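# Descriptive structure summary
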Amino acid sequence: MPVLFITYFLQFMDKQILSLSSVFGIVQATHLQGEEYSVIGSVAPIAQMALQPLSAYFLVKFKLSIYIPVLVMCWGSTLACMAAARNFPGLLVSRFFLGGFETSTQAAFILVGQMWYKRHEQGLRLTIWYSNVGWVNIIGSLIMYGFGHITNGAIHSYQIAFVVLGLLTLLWGIASFFVFPDNPVQSKFLTRDEKVIAVERIRANQQGVETKIFKWKQVLETLLDLKSWCWMSLLLLHAIPAGAINIFGPLIVRGFGYDGYDVMLFLIPYGALQVICMVGSYWLSTKVQYKSPLVVVFLIPCIVGMTILYITGRAEADQPALLVAYYLLSASSAVAPAMLGWQAINTAGHTKKASIGPLLFEPKDGPFYHSGILACIICYSGAAALAVFTTAYLYYLNKKNEARRVEAGKAAKIVDYSMTTSEVKDTTPGVADKEEPQPVIGRRAFEDLTDLQNDEFIYVL
């Protein structure tokens, strides 16, 4: 986990540094005009979206312990070189390559979680590394607060930040070759017996371990699977406003009437609230064993916060209400890991497992950003409605699998040990109570079946 945590911190810090630099003169120093800052902010997620198919293929074909460190070194080098960019084309190309090299990281981390942990354990691990969304706002704001005081000399404060963070990331990429985890079978730090234990403990996941065979049938199933489009739409509806806030957040706060240094300080409690929301979301998920209600619950403060920002003026007397509204948006940070965790534990098949937001805002629309904020309200509301629909569809699939198990001579109801904290006896009616032998549950767990192919797969609502 420390390896994933540090790697994701550096990735998000490298991505967020443009936003933090926006209040310290990067727009003026690089002579950005009109929508150019918005385009630069959006080009990284656009690159990630365009390269997703290639990323999915590489995640299957290459060893993660080599593939991810190479990418870390590449994006660190790109960030350091971005300090030399002095105009729109230079920044645009740099951000495109930065986004491209970061495409596989999040998916790779989810794969690592699925290969090493039971389904009920994956949520905590995902929360730990994803909490860097908040830690970056805390630590990154302090870093830029310090660099922002460097006002003399030929080099700007944001250029120093690019070089320092880029070189740190490059060095970590080199170190990652020695510490990034492989799957349990190929792990170098486990004995033979420990490897068997590590594999057997995730049998109940019904998700397999890893295969280097890229299966086009699973790709086709993904494209035809309604769940895949639900996950993609959910993540997109959340990512659009989240991406907008990541890039324009500091500028929005500055529009409340504060200077760049005040903005950095105000982002520190915002980051702390993000971490608290993510921890709270995970804690609630362990109590209720459901994912969908958490998505809806944490979307509500986002809708309320955006609505307040939309209807409130920008006079000095409005600053307290505006800050409260902005801090309410920190709940958005709990939505993404809940969605990612919900998708990860409800998808099987290694190949199958494997933006637009900043364009909603333009600097000329400040300090109100009415059109962008309204679009964010619509996206958050749509995500909440889609979460309800997805839950209903997963319930339907669970009932369908129960019927398939009965046809195969198995019990309709089976215990999902991957979502339990202890190996309890299976007392489900029709499994333990019948005298005649029952088909063994979990026998095909490591055959790289997709969730739709495996009738023993239980979807988590």
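Every value quoted in this text rests on a predicted model; they were computed, and no experiment measured them. (Residues numbered from 1 in each chain as written. Predicted model: local features only at pLDDT ≥ 70, side-chain atom pairs only at ≥ 80, totals over all residues. Heavy atoms only, no water.)

## Examining helix 10 (residues 157-179)
Under the convention used in this document: For the purposes of this entry, the term helix denotes a DSSP run of H or I that reaches at least four residues, the term strand denotes a run of E that reaches at least two, and both are numbered from the N terminus. To estimate the expected span of a helix, count its residues, drop one, and scale the result by 1.5 Å. The rule is simple: take the accessible area with a 1.4 Å probe, protein chains only, and divide by the maximum for that residue type; under 20% is buried, over 50% is exposed, in between is partly exposed. Whether two residues are in contact is decided by their heavy atoms: any pair within 4.5 Å suffices.
Spanning 23 residues, helix 10 covers 33 Å between terminal C-alpha atoms, matching the ideal 33 Å at 1.5 Å per step. Within the sequence span of helix 10, burial applies to Ser157, Tyr158, Gln159, Ile160, Ala161, Phe162, Leu165, Gly166, Thr169, Trp172, Gly173 and Ser176. Its buried side turned inward, helix 10 meets helix 1 (2-21), helix 2 (26-29), helix 5 (64-82) and helix 9 (132-147).

## Structural notes on helix 4 (residues 52-61)
As a reminder, the rule being used: Think of the arc as the fan of directions from the helix axis to the C-beta atoms.
Within the span of helix 4, buried status applies to Ser55, Ala56, Leu59 and Val60. Taken around the axis of helix 4, the buried residues stretch over an arc of 135°, which confines them to a single face.

## Notes on the packing of aromatic side chains
Note the following rule: Centre distance within 6.5 Å is the pairing criterion for rings of Phe, Tyr and Trp, where only the six-membered ring of Trp is used; planes under 30 degrees apart are then read as stacked, over 60 as edge-to-face, and the remainder as tilted.
Taken as a whole and assessed by the stated rule, the structure comprises 19 aromatic pairs. Considering the side-chain rings of Phe62 and Tyr67, the 6.0 Å spacing of their centres and the 55° angle between planes classify their relative orientation as tilted. A relative accessible area of 41% places Phe62 in the partly exposed class. Judged by its relative accessible area of 11%, Tyr67 falls in the buried class. Between Tyr145 and Tyr261, the aromatic rings sit 5.8 Å apart at their centres with planes inclined by 80°, giving edge-to-face as the arrangement. In this pair, Tyr145 is assigned in helix 9 and Tyr261 in helix 14 (residues 260-288), connecting sequence segments 116 residues apart. Owing to a relative accessible area of 28%, Tyr145 belongs among the partly exposed residues under this scheme. Three or more aromatic residues joined by ring pairs form one cluster here, namely Tyr8, Phe12, Phe109, Trp129, Tyr130 and Phe180.

## Focus on unusual backbone geometry
Phi is positive for His31, close to 60°, though the residue is something other than glycine. Its place among the elements puts His31 in the loop between helix 2 and helix 3 (36-50).

## Section: the UniProt feature "transmembrane region" (unreviewed entry) in the protein chain
Spelled out, the test is: UniProt positions are given in the numbering used here, feature names are shortened, and annotations may be inferred rather than shown by experiment.
On the UniProt side, "transmembrane region" (unreviewed entry) is annotated at positions that read residues 66-84, 96-117, 129-148, 160-180, 231-253, 265-284, 290-311 and 368-396 here. Along residues 96-117 one finds 82% helix and 0% strand; the C-alpha atoms at either end are 33 Å apart. As annotated, residues 129-148 has a helix share of 90% and a strand share of 0%, and its two end C-alpha atoms lie 28 Å apart.

## Topic: the environment of Val279
On the secondary structure map, Val279 appears in helix 14. Take Val279: its relative accessible area is 48%, and that puts it in the partly exposed class. For the pair Val279 and Leu124, spaced 155 residues apart in the sequence, the C-alpha separation amounts to 8.6 Å.

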